[in-house]
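Observations on the three-dimensional arrangement
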Amino acid sequence: MNPVWGHIAGVFIVLMLVSFIGIWIWAWRKYHKKTFNRMARLPMEDEAGNDNEEDRP
């Protein structure tokens, strides 16, 4: 096997690691806390009177 493939795989892994760390930092910024908290409460805001049998699987 050609040794170039090892370098290509190494560069790819480094790029994926940098992408993961970038997304992780983006998600934990204080700027997004308000939006994420609002999205986390969405399942609890379901209407209580919406127990129609046609909505159930």
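On the surface, Leu 17, Phe 20, Ile 21, Trp 24, Ile 25 and Trp 28 cluster together into a nonpolar patch covering about 730 Å² of accessible area. Mapping Ile 25 onto the fold places it in helix α1 (residues 4–27).

Turning our eyes to something else, we now look at the packing of aromatic side chains. Inspection of every chain in the model, using the stated rule, returns two aromatic pairs. With 6.4 Å between their ring centres and 45° between their planes, Trp 24 and Trp 28 make a pair best called tilted. Ring centres 6.2 Å apart and planes at 80° place the aromatic pair Trp 26 and Phe 36 in the edge-to-face group. Of the two residues, Trp 26 sits in helix α1 while Phe 36 sits in helix α2 (residues 33–41), which places them ten residues apart along the sequence. Residue Trp 26 is classed as partly exposed on the basis of its relative accessible area, which comes to 44%. Relative accessible area serves as the criterion here: at 31%, Phe 36 is assigned to the partly exposed category.

Thresholds, definitions, all that
Residues numbered from 1 in each chain as written. Predicted model: local features only at pLDDT ≥ 70, side-chain atom pairs only at ≥ 80, totals over all residues. Heavy atoms only, no water. Patch = residues over 30% accessible without salt bridge, like charges linked within 9 Å, V, L, I, M, F, W, Y side chains within 5 Å. Areas by Shrake-Rupley, 256 points an atom, 1.4 Å probe, with all protein chains shown as cover. Salt bridge = Lys/Arg side-chain N within 4 Å of Asp/Glu carboxyl O. Helix = DSSP H or I, 4+ residues; strand = E, 2+ residues; numbered from the N terminus. Phe/Tyr/Trp six-rings, centres within 6.5 Å; stacked < 30°, edge-to-face > 60°. Buried < 20%, exposed > 50% of the residue type's maximum accessible area, 1.4 Å probe, protein only.

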